[in-house]
Amino acid sequence: MKWTADDMTVFLREKQYIDTLLLPLQPVSFTNEMKQSASMQEFVEALTREMEKQFKGRVMLSPAFPYLKQEPVEEQLPKIQKWIQEAKEGGFSHIILITSDAGWKQVEKSIDGMLVWMPFVPFENLENSYKKQIISEQMKQLLPLLTMKWNE
Amino acid sequence: MSEKKHNVSRRQFLTYTLTGVGGFMAAGVILPMARFAVDPVLKAGAESDMYAVAEVADLTEEPQRFDFSYEQVDAWYQSEVTETAWIYREGDNIVALSPTCTHLGCTVNWDANEDYPDQFFCPCHFGRFEKDGTNIAGTPPTEPLHKYVTEVRDGTVYLGTAEPQI
């Protein structure tokens, strides 16, 4: 389900089936790492869009959680915990955080959800067909992760 | 003499001129409105577009996955949409099924679960469909997979829209 009013109507009606929240974590920089931030956003967005398409009936794609890249990830922890907590109150039993920012790996244990870290592939100057191929390759790796999580 | 015959009075001249100019102005306003009003009629053919998806020679009795893309305008945003079809042949008949689960819209795959060979399987809520798209009772989906309108021209399979089987 996408974060749109139309999909939300379906979600409210079929809540018992849609139990997974996909939450992208998006580092933002307005100085040195601006370009890297954009590349990450582009890659993670394409990937999450594809995941939403594959698992539309069970996964809700949340708007990304943005934070300043130059702040240490530890500072984001309390905030992200609040997001996770509220999502759980909202009925999502599986929370999947997806990011290209390796910083989150260090605090993975303190997060009450599944963290998926995907090293980003820069899409700059890439042809569309090649981008699609990259995303579908990454998807193949992600699919078993999700089905495994659901079978826990 | 002829001058007198063709004489146009001031009043007549003004009437002709004003009617003429007024007519042009009215036409300028009304014609675009009329064009907008009939526009949907002129565009009606656009939705039934068919897309070349596969070669007949590549098809087997086993459903295979084929992707095809086209441009779609969604309100003001134009994007390239990729759709997938599971296509197989049954004698001379070509069947193309939409991979969208009729339950809540996940993507189903053929022969994806070891426990249920030769069925379409939905990973989200374990919905299952027979090869011809019929939903299997006891699983969440309530209707068969949608079927694409198919057409074969010069050995190429063209697909139209996916329509419900019931």
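As the structure is a prediction and not an experimental result, all values here were calculated from the model.

1. Section: the UniProt feature "domain: Rieske" (unreviewed entry) in chain B
Under the present numbering, the feature "domain: Rieske" (unreviewed entry) in UniProt falls on residues 82-159 of chain B. End-to-end, the C-alpha atoms of residues 82-159 of chain B are 13 Å apart, and along that stretch the chain is 0% helix and 40% strand.

2. Concerning the confidence of the model for chain B
Considering every residue of chain B, the mean pLDDT works out to 87; 92% of them sit at 70 or more. Per-element confidence in chain B is highest for strand β7 (residues 128-129) of chain B, whose mean pLDDT is 94, and lowest for helix α1 (residues 2-5) of chain B, whose mean pLDDT is 56.

3. Quick look at the state of the cysteines
All names here are of chain B. With the rule as written, the count across this model stands at one disulfide over all chains. Its sulfur unpaired, Cys 101 is 3.8 Å from the next cysteine sulfur, which belongs to Cys 122. The exposure class assigned to Cys 101 is buried, which follows from its relative accessible area of 5%. A relative accessible area of 2% means that Cys 122 is categorised as buried.

4. Some remarks on the domain arrangement of chain B
Taken domain by domain, chain B consists of domain 1 (2-44) and domain 2 (49-163). Centre-to-centre separation of domain 1 of chain B and domain 2 of chain B, based on C-alpha positions: 56 Å.

5. Things to note about the pairing of strand β9 (residues 156-163) of chain B
All names here are of chain B. Of the strand pairs in this sheet, strand β1 (residues 51-55) and β9 are connected by four bridges, and their pairing is antiparallel. Note that in β9 the partner of Glu 55 across the bridge is Thr 156. Both strand β8 (residues 147-153) and β9 contribute to a ladder of six bridges, which runs antiparallel. Looking across to β9, one finds that Arg 153 is bridged to Thr 156. Between the antiparallel neighbours β8 and β9 lie two residues, among them Asp 154 with a positive phi of about 50 degrees.

6. Structural notes on the side chain of Gln 26 of chain A
As for its placement among the helices and strands, Gln 26 of chain A is situated in strand β1 (residues 20-28). With residues up to four places along the chain from it excluded, the contact list for Gln 26 of chain A reads Ser 37, Met 40, Gln 41, Ala 64, Phe 65, Pro 66 and Tyr 67 of chain A.

7. As for the interface of chain A and chain B
Between chain A and chain B, the contact holds 16 residues from the first and 13 residues from the second. A buried area of about 1,100 Å², summed over both sides, lies between chain A and chain B, and 52% of it is on carbon and sulfur atoms. Area buried by chain A at its contact with chain B is led by Tyr 17, Gln 54 and Lys 132 of chain A, which between them contribute 39% of it. Summed over the shared surface of chain A and chain B, the number is one salt bridge. Across the pair Glu 80 of chain B and Lys 132 of chain A runs a salt bridge whose closest N-O atoms are separated by 2.9 Å. For the pair chain A and chain B, the number of links is seven residue pairs in polar contact (both at pLDDT 80 or more). When contributions to the side of chain A that touches chain B are tallied by element, the ones reaching two or more residues are α2 (34-54) and α4 (128-151) of chain A. With five residues, α4 of chain A is the single largest residue contributor to the side of chain A that touches chain B. Its residues assigned to classes, the side of chain A that touches chain B comprises six nonpolar, five polar and five charged.

Rules and cut-offs
Residues numbered from 1 in each chain as written. Chains lettered and ligands numbered in written order. Predicted model: local features only at pLDDT ≥ 70, side-chain atom pairs only at ≥ 80, totals over all residues. Heavy atoms only, no water. UniProt positions renumbered as here; feature names shortened; annotations may be inferred. Helix = DSSP H or I, 4+ residues; strand = E, 2+ residues; numbered from the N terminus. pLDDT = per-residue confidence, 0-100. Disulfide = S-S within 2.5 Å. Buried < 20%, exposed > 50% of the residue type's maximum accessible area, 1.4 Å probe, protein only. Domains from an automatic or database assignment. Pairing = 2+ DSSP bridges. Contact = heavy atoms within 4.5 Å. Buried area = accessible area lost by both parts, 1.4 Å probe. Salt bridge = Lys/Arg side-chain N within 4 Å of Asp/Glu carboxyl O. Polar contact = N/O pair within 3.5 Å; in protein donor to acceptor, adjacent residues only side chain to side chain. Nonpolar A, V, L, I, M, F, W, Y, C, P; charged D, E, K, R; others polar.

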